[in-house]
Amino acid sequence: VFALVRRAEQGRLLAEFERRADVPASALQRDIDDHVYLLRSIDAFFFSSQDVDRMEFWGFTKDALTRLRGLVALEWAPRVTEAGRDSHERKVKAEGFADYQILDRDDNGRSVRSPIRAEYLPIAYVEPRTELSELGLDLAATVDYVNAMVRARAGGVPTASQPFQRASGTNRTWSYRVFAPVYTNLVAHESLVDRHR
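For clarity, every value in this text was computed on a predicted model and none was experimentally measured.

**Here we look at the overall build of the protein chain**
Next, step 1: Of the regular secondary structure elements, the protein chain holds five helices and ten strands.
Next, step 2: Counting across all 197 residues of the protein chain, residues that qualify as buried make up 30%.
Next, step 3: In the protein chain, of all internal contacts separated by at least 6 residues, the share reaching a separation of at least 24 is 55%.

Set out below in structure tokens:
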């Protein structure tokens, strides 16, 4: 009798645990889905537009930044070749960012000009404005970011980086970047070959 009562009690406790755990899990899944939907909509916005400018990016993202609490920033990081670096930097400077250049972070966390690379992935747009310190940061300098971007490009789906610590005022918090691939405007990207091209 003791074994039967014990088994029944364990079953009841397990069912209660699963019921209680399902509510926050469902809420968390909805929250994640909202963030992924936003990234997919930004992808569609860039894909369908001839050239998204800084004001359009701000207008498209401002509602999400107030509505999605877990979101720290939305950023656009285009592919820039070494041959196109000067042109890219001049263009952003002409948009009102006189000190803009493609940057890396040194061992002390200071911004320094990126060394010559075949390709850069600099943050060219960032919202909200409180995150402007990220502007110009070359994501190609971080292997984990590049790996996440390669996975996102190959799969055609948003892909997260490894978690990292970031300063939040005087505190440190855990964060991560989610990369959504944006393909050449109005060009097919259904197959792996198309996505790589």
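**Focus: the nonpolar core**
Next, step 1: Counting residues in each nonpolar core, the largest one holds 17 residues, and the members touching the most others are Tyr100, Leu139, Met149 and Phe179.
Next, step 2: Element by element, the count of residues in this core is highest for helix H4 (residues 143–155), at four residues.
Next, step 3: With residues near it in sequence (within four places) discarded, Phe179 still touches Leu139, Tyr145, Ala148, Met149, Ala152, Val157, Pro158, Thr159 and Ser161.
Next, step 4: Listed in part, the 13 residues of the second largest apolar core include Ile42, Leu65, Leu74 and Tyr125.

**Some thoughts on helix H2 (residues 54–67)**
Next, step 1: Under the 1.5 Å per step criterion, the end-to-end length of H2 is 20 Å for 14 residues, consistent within 8% with the ideal 20 Å.
Next, step 2: Those residues of H2 not exposed but buried are Arg54, Phe57, Thr61, Ala64 and Leu65.
Next, step 3: The residue sitting at the N-terminus of H2 and contributing the capping side-chain oxygen is Asp53; that oxygen lies 3.1 Å from the backbone nitrogen of Met55.

**What about the pattern of salt bridges?**
Oppositely charged side chains can pair when the atoms bearing their charge come close.
Next, step 1: Using the criterion set out here, one finds eleven salt bridges in the structure.
Next, step 2: As a salt-bridge pair, Lys91 and Glu95 come within 4.0 Å of each other at their nearest N and O atoms.
Next, step 3: By relative accessible area, Lys91 is classed as partly exposed at 47%.
Next, step 4: Here Arg117 ties to Asp138 by a salt bridge, and the two come within 2.5 Å at their closest N and O atoms. Of this pair, Arg117 sits in the loop between strand S4 (111–113) and strand S5 (119–120) while Asp138 sits in the loop between strand S6 (125–127) and H4, and the two are 21 residues apart along the sequence. Side by side, Arg117 and Asp138 carry an identical accessibility label, which is buried.

**Some points on unusual backbone geometry**
Next, step 1: Here the amide bond leading from Glu127 into Pro128 is cis, since omega sits at 5 degrees, within 30 degrees of zero.
Next, step 2: Along the chain, Pro128 turns up in the loop between S6 and H4.

Parameters and conventions
- Residue positions within a chain follow its written sequence, with the count starting from 1.
- Under the rules for a predicted model, residues below a pLDDT of 70 receive no local features and side-chain atom pairs below 80 are neither given nor counted, while totals for whole chains, interfaces and linings still include all residues.
- Calculation of side-chain values draws on the structure's entire complement of heavy atoms; hydrogens and water are dropped beforehand.
- We count a stretch as a helix when DSSP gives it H or I for four or more residues in a row; a strand needs E for two or more, and each element gets its number in order from the N terminus.
- Summary of the burial criterion: residues with accessible area below 20% of their type's maximum are buried, those above 50% are exposed, and those between are partly exposed, where the area comes from a 1.4 Å probe applied to protein chains only.
- For this analysis, residues touch if any pair of their heavy atoms sits within 4.5 Å.
- Among buried residues, the Ala, Val, Leu, Ile, Met, Phe, Trp, Tyr and Cys ones that are joined through side-chain atoms within 4.5 Å form a nonpolar core.
- Working rule for helices: expected span equals 1.5 Å times residues minus one.
- Here a polar contact means two N or O atoms within 3.5 Å. Within protein one must be a hydrogen donor candidate and the other an acceptor candidate, and residues neighboring in sequence count only if both atoms are side-chain atoms.
- Any carboxyl oxygen of Asp or Glu within 4 Å of a side-chain nitrogen of Lys or Arg constitutes a salt bridge here.

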